[in-house]
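If you want the building blocks of each chain, they are given just below.
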Amino acid sequence: MSQFKNSCNDTPVTSLTMSVPVLRHPHVYHAFISYCADADTSHARTILDSVESRGFTCCFAERDFLPGECTSDVVVDAIHCSKNVILVISPASLQSEWSKFEMLMAVDDSHQRNNVCLVPVLLGGVKVDDLPPPLRPLTCIELMDDFRNTDDIIQAISKPEDTWESLLPVGNLAHGFAWGYYYGYLKIILPDLDKTVRQWRRVNNAEGRMSEKLFLFFPQSCRCRDSIADESSLIKHRGHLPIITKDRAGIIERQYKNTIYSVTDDNGEDYFFAGEYIGVIHTMFEMEQNATTGLQTREKYVQSMRFYLTLKRILDTDPECSKKCKIVFYKDVNNSSDAMPRLICNEIKNQLRKESSDDTTVCMTPFNSPFPSISSPDFARCSLKSSSSTNMVKSEPNIYREESGKTKSVERG
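Below is a short write-up of the structure. (Residues numbered from 1 in each chain as written. Predicted model: local features only at pLDDT ≥ 70, side-chain atom pairs only at ≥ 80, totals over all residues. Heavy atoms only, no water.)

**Section: the pairing of strand 12 (residues 325-330)**
And then number 1: Counting buried positions over the 6 residues of strand 12 gives 6, a clear majority of the element.
And then number 2: Neither face of strand 12 is exposed, since Cys325, Ile327 and Phe329 on one face and Lys326, Val328 and Tyr330 on the opposite face are all buried.
And then number 3: Strand direction decides the pairing type here: strand 6 (residues 210-219) and strand 12, joined by 6 bridges, are parallel. Along strand 12, the bridge assignment pairs Pro219 with Tyr330. (Buried < 20%, exposed > 50% of the residue type's maximum accessible area, 1.4 Å probe, protein only. Helix = DSSP H or I, 4+ residues; strand = E, 2+ residues; numbered from the N terminus. Pairing = 2+ DSSP bridges.)

Here it is in structure tokens:
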């Protein structure tokens, strides 16, 4: 914990000190306070003073991070070393790249612990429906203008630990779905996929207009259409990669077939891709439609995020598969008909730039572990409408890779 300054809490301790939970390894703070420094520092500091006046110890970036070390790794370390994370959420934080990164890291750490340790505190008229989907099932605190209900925050970080299963009455679907999808499908079709893609684009004169990767589309709603061409008239079915035949689970010569599509960009040029939806998540969409399954919409969002995080960790351990696919998470509600084609074109062009430069370097991540095949869901701005082309290739919520290969960090704010 050398990244943090030692903070001394000299504030008076009230009679509620006896209810302060004892911290055990690896926790050295009762709470990490996440907030938008550009807009919400005064509110966050009031929350800090109120919480620490009751004997709790908090990690507060403005006070506890050493100058010049407010980086992604320090934030991840602080979250991991905190028993709870108080998320101060305002309209500004929902637009802040850094705040969204902290939300993502807090959700990821919470799921790794299997502990519901997140306390969303809403400011400025933010409602539950405005929150990123993984936070919506949680109990939120709407902070009053006069801060009279800060005791609610105290109670939230003092309560006994809950597991995520307590919020998931139908059980942890995500874990089984992710492992089943990996062993039952990806592990079979990905090892030689880049070779067959190269062969197809050579035969069909698609050099320079088709990535070697398989694009796996992850709609936020979990609704998977029968064909990606159903998304837009600018997307067309063009054929299939060679069929893979394998004896499996009693089925002799079971066949696996991947589809090729074309997509037309804004300049009228056609690009090609091997692509499909992550079909297993459609089960969650269908369960949501059937009341007898007990899967509610908010729970579906939690399950889908757990699926994403679990699959990410699985692929982290298998570079052979992870470097041959690209998971594209997107918001699929209320988008224009040209939004999906624009998203796909941008993804293809980004991948072609990396392939043409033989970019095999590992993107910088807070976990120091490579997962270049996965784009993390951009919680507050994952709509297709925001996928306009830029000069920067996004690899993580707080890290950008320029076309030259250099990286750039988003400043805290």
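**Quick notes on the sheet that holds strand 11 (residues 270-277)**
And then number 1: One open sheet accounts for 5 strands, arranged 7-10-11-6-12; its pairing is mixed. Two strands close off the open sheet at either side, each with one partner strand: strand 7 (235-240) and strand 12. If you compare each strand with its neighbour and ignore which way they point, the axes differ by 40° on average.
And then number 2: Helix 11 (residues 339-356) contacts strand 6, strand 7, strand 10 (259-264), strand 11 and strand 12 of the sheet and is inclined by roughly 140° relative to strand 6. (Axes fitted to C-alpha atoms, helices over the stretch in contact; angles between N-to-C directions. Contact = heavy atoms within 4.5 Å.)

**Here's the deal with the pattern of salt bridges**
And then number 1: Summed over all chains, the structure comprises 25 salt bridges.
And then number 2: Of the charged contacts in the structure, one is a salt bridge between Asp64 and Arg63, with a shortest N-O distance of 2.9 Å.
And then number 3: You can call Arg63 partly exposed: its relative accessible area is 21%.
And then number 4: Measuring nitrogen to oxygen at the nearest pair gives 3.6 Å for the salt bridge that ties Asp194 to Arg198. Of this pair, Asp194 and Arg198 are both found in helix 7 (residues 193-203), 4 residues apart, which corresponds to roughly one turn of the helix. (Salt bridge = Lys/Arg side-chain N within 4 Å of Asp/Glu carboxyl O.)

**Observations concerning the sheet that holds strand 4 (residues 118-122)**
What holds strands together in a sheet is hydrogen bonding between their backbones, with the strands either parallel or antiparallel.
And then number 1: The strand order 2-1-3-4-5 describes an open sheet built from 5 strands, whose pairing is parallel. Each end of this open sheet is capped by a strand with a single partner; those strands are strand 2 (58-60) and strand 5 (141-142).
And then number 2: In this structure, strand 1 (residues 29-34) lies alongside strand 3 (residues 82-89), joined through 5 bridges in parallel fashion. Residue pairing in the sheet places Ile33 in a bridge with Ile86 of strand 3.
And then number 3: Packing of helix 4 (residues 97-113) onto the sheet brings it into contact with strand 1, strand 3 and strand 4, and relative to strand 3 it is tilted by some 145°.

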